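This is what each chain is made of:
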Amino acid sequence: MKGFIGARQTTLGSEISLTGTGVHSGAPVSIALCPADGDTGLRFLLSNGNADGTEIAADQRWVTGVTLCTVLGDGNGASVATVEHLLAALRGLGVDNALIEIDSSEVPIMDGSASRFVEAIDEVGLAELDSPRRFLKVLKKIRVEDGGAFGELTPHNGFHLDVEIDFDTPLIGTQRIDIDINPGSFRRELARARTFGFMKDVAKLWSAGYALGASFANTLVVTEDRVLNPEGLRFADEFVRHKILDAIGDLALAGQPLLAAYRTIRGGHKLNHAVLSALMADPSAWRVVEASEPARRTRGHADVGAGLAAAAYGPEMS
Ligand SMILES: [Zn+2]
């Protein structure tokens, strides 16, 4: 049953192979998204230059970089960059367990959005596992401020994002969306929103070794008042939609689906990571809860019940 999300953990229906280019490295890269057992979580297996490979869990503890993209590293030199759009696709569609084999140090950018990952996952569908789905339930407000920016997690029986960006340019200006995240809303509203960058920053980025693989095929390139890509925008507010996509990928590093609302203004990878780190550092701020089977829903476990699972990841067909 393609895309069904319930009280049990899921993995991919079968293996997916994709190739592309790292947006920052400019290097060609192949990835394989492989089914994994229950309670594996989302894990990267880096095969570059290492016969046995190095495994790095998609977990905030392994974040080693938050400049322009989110980077995971093992502390011994192995790292994988730009993990956020792929993790957003997996989390957004409710994939709990997967092993991501990668032969380079950066996830391919594809078209700059999560669209190609979503299509590939939908092609193979999800398989339900025996393990009960577990959520990381936020119990109290965690707020991190950084200058005029902030990010804030609060308790919520579902997964809700409220993201605002504020650019001092006529093209972007202030954009805000608040949205309940489930596979349907993720596919419809967020997955196709592309990464963006300002033309005026390109030379600076290149000289710093970033955006070497960026092109009109994978990045919305903008000036103060217009989009340079010939095809234009996919959504009038594609910019804030992409910021939500990034936040979902960054928050996937909680290691389990969150039961929380996240609000952020003028945020980015750095702030998303800071908020998640602050949450995990305070054991009184969260608890892992288990989704119960649908048959037990009516008993009304106030705290744990499948109502939570239904709210966050209701059955979804598409
Ligand atoms: Zn992004």
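The text that follows walks through the structure, step by step, so that each part is easy to find.

The rules we used
Residues numbered from 1 in each chain as written. Predicted model: local features only at pLDDT ≥ 70, side-chain atom pairs only at ≥ 80, totals over all residues. Heavy atoms only, no water. Pairing = 2+ DSSP bridges. Helix = DSSP H or I, 4+ residues; strand = E, 2+ residues; numbered from the N terminus. Buried < 20%, exposed > 50% of the residue type's maximum accessible area, 1.4 Å probe, protein only. Donors = N, O, S within 2.8 Å, 3.2 Å for Na, K, Ca; no water. Core = buried A, V, L, I, M, F, W, Y, C linked by side-chain atoms within 4.5 Å. Contact = heavy atoms within 4.5 Å.

### Side note on the sheet that holds strand β6 (residues 63-65)
Spatial ordering of the open sheet is given by β6-β7-β8, a layout of three strands whose pairing is antiparallel. Of all strands in the sheet, those bounded by a partner on one side alone are β6 and β8 (79-80).

### Some points on helix α1 (residues 84-92)
Most of α1 is tucked away: nine of the nine residues are buried. Of the residues making up α1, those classed as buried are Glu84, His85, Leu86, Leu87, Ala88, Ala89, Leu90, Arg91 and Gly92. A positive phi of about 80° marks Gly94, the residue just after α1.

### A look at the coordination of the zinc ion
Angles between donor atoms at a metal ideally measure 109.5 degrees for a four-coordinate tetrahedral arrangement and either 90 or 180 degrees for a six-coordinate octahedral one. Taken together, the protein donors to the zinc ion comprise His85 (NE2), His242 (NE2), Asp246 (OD) and Asp246 (OD), at separations of 2.0 to 2.8 Å. In terms of primary sequence, the donors binding the zinc ion are separated according to H-x156-H-x3-D. Here His242 and its partner Asp246 are both found in helix α5 (residues 238-251), four residues apart, which amounts to about one turn of the helix. Classification of His242 by relative accessible area gives buried; the value is 2%.

### A look at the nonpolar core
Formed by 75 residues in total, the largest nonpolar core has its most connected members in Phe44, Leu87, Phe186, Leu258 and Leu279. No other element matches the seven residues that α5 contributes to this core. Here Leu258 is in contact with Leu136, Val138, Leu153, Gly158, Phe159, Leu251 and Leu279, once residues within four sequence places are set aside. Phe135, Leu259, Val289 and Ala291 belong to the second-largest nonpolar core, a separate cluster that totals five residues.

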